[in-house]
Amino acid sequence: FRIEQLADLRTASPDDPAQEEVVETLRRGARVALRGIEAALARIDRGAYGTCVQCGAPIPVERLEILPAADLCMTCQRPTP
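On a predicted model such as this, the values are computed, not experimentally measured, just so you know. (Residues numbered from 1 in each chain as written. Predicted model: local features only at pLDDT ≥ 70, side-chain atom pairs only at ≥ 80, totals over all residues. Heavy atoms only, no water.)

1. Description of the nonpolar core
- Within the largest apolar cluster, 7 residues are counted, these being C52, I59, L64, A70, L72, C73 and C76.
- Sequence-distant contacts of L72, defined by excluding residues within four places in its chain, comprise C52, V53, Q54, I59, R63 and Q77. (Core = buried A, V, L, I, M, F, W, Y, C linked by side-chain atoms within 4.5 Å. Buried < 20%, exposed > 50% of the residue type's maximum accessible area, 1.4 Å probe, protein only. Contact = heavy atoms within 4.5 Å.)

And the structure:
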């Protein structure tokens, strides 16, 4: 889906500058999502999927069901005050 989305957005060229900003924001979001998916696939290949890349703790299955590309556990995901 993300690859197709990026292909569609590459050909989009709105005349309205405000719409161009929206399209560029969508492009950035799709690229970020695609990088996350590719990183998750690499973790699967290495046998590290479901493990927090920061602390090494297991990422709960429930979190992975909602965010399959999640690379951080909830503790590491929370910003420190």
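2. Details of the pattern of salt bridges
- This structure, assessed with the given rule, holds 4 salt bridges.
- Salt-bridge contacts for E24 lead to R28; the nearest nitrogen and oxygen are separated by 3.9 Å. Of this pair, E24 and R28 both sit in helix α2 (residues 17-46), separated by 4 residues, roughly a single helical turn.
- What makes R28 partly exposed here is its relative accessible area of 44%.
- With its nearest N and O atoms 3.3 Å apart, the salt bridge here joins E24 to R31.
- Residue classification places E24 among the partly exposed residues on the basis of a relative accessible area of 26%.
- One continuous salt-bridge network, built from bridges that share partners, spans E20, E24, R27, R28 and R31. (Salt bridge = Lys/Arg side-chain N within 4 Å of Asp/Glu carboxyl O. Helix = DSSP H or I, 4+ residues; strand = E, 2+ residues; numbered from the N terminus.)

3. Observations regarding the environment of E21
- Structurally, E21 can be placed in helix α2.
- You can call E21 exposed: its relative accessible area is 57%.

4. A closer look at α2
- Given a rise of 1.5 Å per residue, 30 residues ought to cover 44 Å, and the 44 Å separating the end C-alpha atoms of α2 matches this to within 8%.
- Among all positions of α2, only V23, R27, A30, L34, A40 and R43 are buried.
- Close packing links the buried residues of α2 with α1 (2-11). (Expected span 1.5 Å × (residues − 1).)

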